[in-house]
Number of protein chains: 6
Amino acid sequence: MPLVNVKIMEGVFTPKQKQEMIRKLTDVMVSIEGENMRPVTLVILEEIKSGDWAVGGRSFTTADVKALAAGI
Amino acid sequence: MPLVNVKIMEGVFTPKQKQEMIRKLTDVMVSIEGENMRPVTLVILEEIKSGDWAVGGRSFTTADVKALAAGI
Amino acid sequence: MPLVNVKIMEGVFTPKQKQEMIRKLTDVMVSIEGENMRPVTLVILEEIKSGDWAVGGRSFTTADVKALAAGI
Amino acid sequence: MPLVNVKIMEGVFTPKQKQEMIRKLTDVMVSIEGENMRPVTLVILEEIKSGDWAVGGRSFTTADVKALAAGI
Amino acid sequence: MPLVNVKIMEGVFTPKQKQEMIRKLTDVMVSIEGENMRPVTLVILEEIKSGDWAVGGRSFTTADVKALAAGI
Amino acid sequence: MPLVNVKIMEGVFTPKQKQEMIRKLTDVMVSIEGENMRPVTLVILEEIKSGDWAVGGRSFTTADVKALAAGI
């Protein structure tokens with residue numbers, strides 16, 4: 001029944017990473033709520049356009065997020 | 001005043017079906033809240049990318065949803 | 001698969017009206033997507049606190065919405 | 001800590017206007033909550049597809065919104 | 001047409017501050033999109049329960065946010 | 001930068017379980033995006049009122065979800 005909605009920056013995660021994300025987030029929810037809830041546990045990913053996500057008024061592009069993740 | 005936000009899988013509904021959806025969802029809301037509320041009744045459709053919607057940890061593509069709808 | 005999220009003003013609709021809303025919104029979605037999609041059609045209602053919804057910068061209370069609906 | 005999520009119609013605002021929007025919305029939040037909250041103040045913009053936003057059951061395209069803004 | 005949805009921590013802002021927030025956020029949007037768009041500019045505030053908002057895995061209570069805002 | 005928004009049924013999870021949820025969901029995201037992203041990884045929990053969540057047009061109460069989880 002839980003609905004996990006994840007907003008991520010577009011172009012940061014590969015399709016393979018997004019599948020890993022879906023699988024692991026579902027497993028976390030099921031580990032807490034119990035296996036019976038698996039069939040009603042939803043995960044929805046939504047990608048935000050490069051530049052359309054800001055922290056403290058500073059807009060981040062896809063490149064900015066990749067640099068941040070890489071510790072650059 | 002109500003805001004109806006509908007998340008659907010991309011590529012499953014035709015533009016014509018989306019217009020039908022908007023019209024009918026609005027009519028349902030108005031049938032309950034009264035005709036005076038029509039001008040402030042909003043419907044927003046958002047399409048989720050193929051593969052980015054999962055149920056029970058299983059990711060669905062546009063093709064998967066079409067097959068499900070067709071009863072295949 | 002569709003997810004219908006409806007934001008409404010708190011205290012405007014009775015529990016009975018909310019159940020009617022859920023049933024009718026689901027039926028509308030199923031009328032378009034097909035009966036096979038019924039089991040994966042979700043509706044979630046969320047109530048906004050009185051005063052926390054604004055149109056054109058004018059804040060609406062529950063009483064304001066009821067007056068609007070009544071055509072007062 | 002506040003999260004400001006803005007849904008806009010695609011193609012109505014230029015990238016420059018979106019940056020102005022991000023900066024000004026952040027400044028408004030900070031003017032109320034205090035400068036210490038700036039680093040945890042988020043703004044996320046999401047664009048709705050032309051035709052997928054309806055008011056009173058009437059669907060609006062990008063052109064419709066531009067005409068409305070221009071007072072046509 | 002824009003919809004500004006603001007998630008805030010419950011109990012951090014007074015009703016007066018929330019009204020100021022609504023008014024100023026609306027004015028920012030109108031300053032960019034034009035005065036004609038005021039009647040279709042929406043602001044919705046949603047309060048998150050104390051403890052249900054986390055950054056970096058650290059959960060924040062209402063008291064935590066107030067302390068952060070006060071620079072304690 | 002990712003924002004994980006989880007909608008759950010009110011009264012189903014204890015405060016302790018919600019803290020576990022926040023911690024584990026954050027860890028999953030960090031395991032995929034890298035440790036550098038931890039400080040900008042957000043989790044927000046939102047509780048839906050009993051009866052206001054429906055699947056296939058059938059409304060679920062808190063008791064219904066607990067029974068489902070317990071396999072009753």
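Above this text is the structure in question.
Residues numbered from 1 in each chain as written. Chains lettered and ligands numbered in written order. Predicted model: local features only at pLDDT ≥ 70, side-chain atom pairs only at ≥ 80, totals over all residues. Heavy atoms only, no water.

Colleague: Report on the sheet that holds strand β4 (residues 58-60) of chain E, specifying residues and quantitative values.
Modeller: The strands making up a sheet are joined through hydrogen bonds of the backbone, oriented either antiparallel or parallel. Read across the open sheet, the 8 strands follow the order β4(B)-β3(B)-β2(A)-β1(A)-β1(F)-β2(F)-β3(E)-β4(E); overall the sheet is mixed. Sheet topology places β4 (58-60) of chain B together with β4 of chain E at the edges, where each strand pairs with a single neighbour. On average, each strand axis in the sheet is tilted by 20° relative to the strand beside it, whichever way the strands run. Where strand β1 (residues 3-9) of chain F meets strand β2 (residues 42-48) of chain F, 7 bridges bridge the pair, whose relative direction is parallel. Within β2(F), the position partnered with F:Lys7 by the bridge is F:Glu46. (Pairing = 2+ DSSP bridges. Helix = DSSP H or I, 4+ residues; strand = E, 2+ residues; numbered from the N terminus. Axes fitted to C-alpha atoms, helices over the stretch in contact; angles between N-to-C directions.)

Colleague: So what's going on with the side chain of A:Ser59? Which residues, and what values?
Modeller: Mapped onto the secondary structure, A:Ser59 falls in strand β4 (residues 58-60). Overall, the relative accessible area of 18% leaves A:Ser59 in the buried class. Side-chain polar atoms of A:Ser59 contact the backbone oxygen of A:Gly51, separated by 2.6 Å. Residues within four places of A:Ser59 in sequence aside, it is in contact with A:Gly51, A:Asp52, A:Trp53, A:Ala54, A:Asp64, D:Gln19 and D:Ile22. (Buried < 20%, exposed > 50% of the residue type's maximum accessible area, 1.4 Å probe, protein only. Polar contact = N/O pair within 3.5 Å; in protein donor to acceptor, adjacent residues only side chain to side chain. Contact = heavy atoms within 4.5 Å.)

Colleague: Quick rundown of the interface of chain A and chain F? Include the residues and the values.
Modeller: Interfaces are often sized by the accessible area lost when the parts come together. Tallying the contact residues gives 30 residues for chain A and 30 residues for chain F. Across the interface of chain A and chain F, roughly 2700 Å² is buried in total on both sides, 76% from carbon and sulfur atoms. At the surface where chain A touches chain F, the tally comes to 0 salt bridges. The tally of links between chain A and chain F comes to 7 residue pairs in polar contact (both at pLDDT 80 or more). Listing elements by their share of the side of chain A that touches chain F, those giving two or more residues are β1 (3-9), α1 (15-33), β3 (53-55) and α2 (62-70) of chain A. Per-element accounting of the side of chain A that touches chain F gives the leading share, 10 residues, to α1(A). Looking at the side of chain A that touches chain F residue by residue, the classes come out as 21 nonpolar, 5 polar and 4 charged. (Buried area = accessible area lost by both parts, 1.4 Å probe. Salt bridge = Lys/Arg side-chain N within 4 Å of Asp/Glu carboxyl O. Nonpolar A, V, L, I, M, F, W, Y, C, P; charged D, E, K, R; others polar.)

Colleague: Account for the relation of the copies chain A and chain F, naming residues and giving values.
Modeller: The operation relating chain A to chain F is a screw motion whose rotation component is 180°, with 0.0 Å of axial translation and a residual RMSD of 0.0 Å. On the angle and the small slide along the axis, the relation comes out as a two-fold axis. Of every C-alpha in chain A, the one belonging to A:Asn5 sits nearest the axis of rotation, 2.5 Å from it. A share of 100% of the interface residues of chain A reappears at the interface of chain F, consistent with the copies meeting face to face through the same patch. (Least-squares fit on C-alpha atoms with pLDDT ≥ 70 in both.)

Colleague: Please provide a residue-by-residue account of the relation of the copies chain E and chain F, values included.
Modeller: Least-squares fitting of chain E to chain F yields an RMSD of 0.0 Å, with the superposition described by an axial translation of 0.0 Å and a rotation of 120°. Here the copies are linked by what is in effect a three-fold axis. It is E:Glu46 whose C-alpha, among those of chain E, lies nearest the rotation axis, at 5.7 Å. Interface overlap between copies: only 8% of the residues of chain E at the interface are likewise at the interface in chain F, consistent with a contact formed by different surfaces.

Such coordinate-based values are descriptive only and should not be taken to indicate function.
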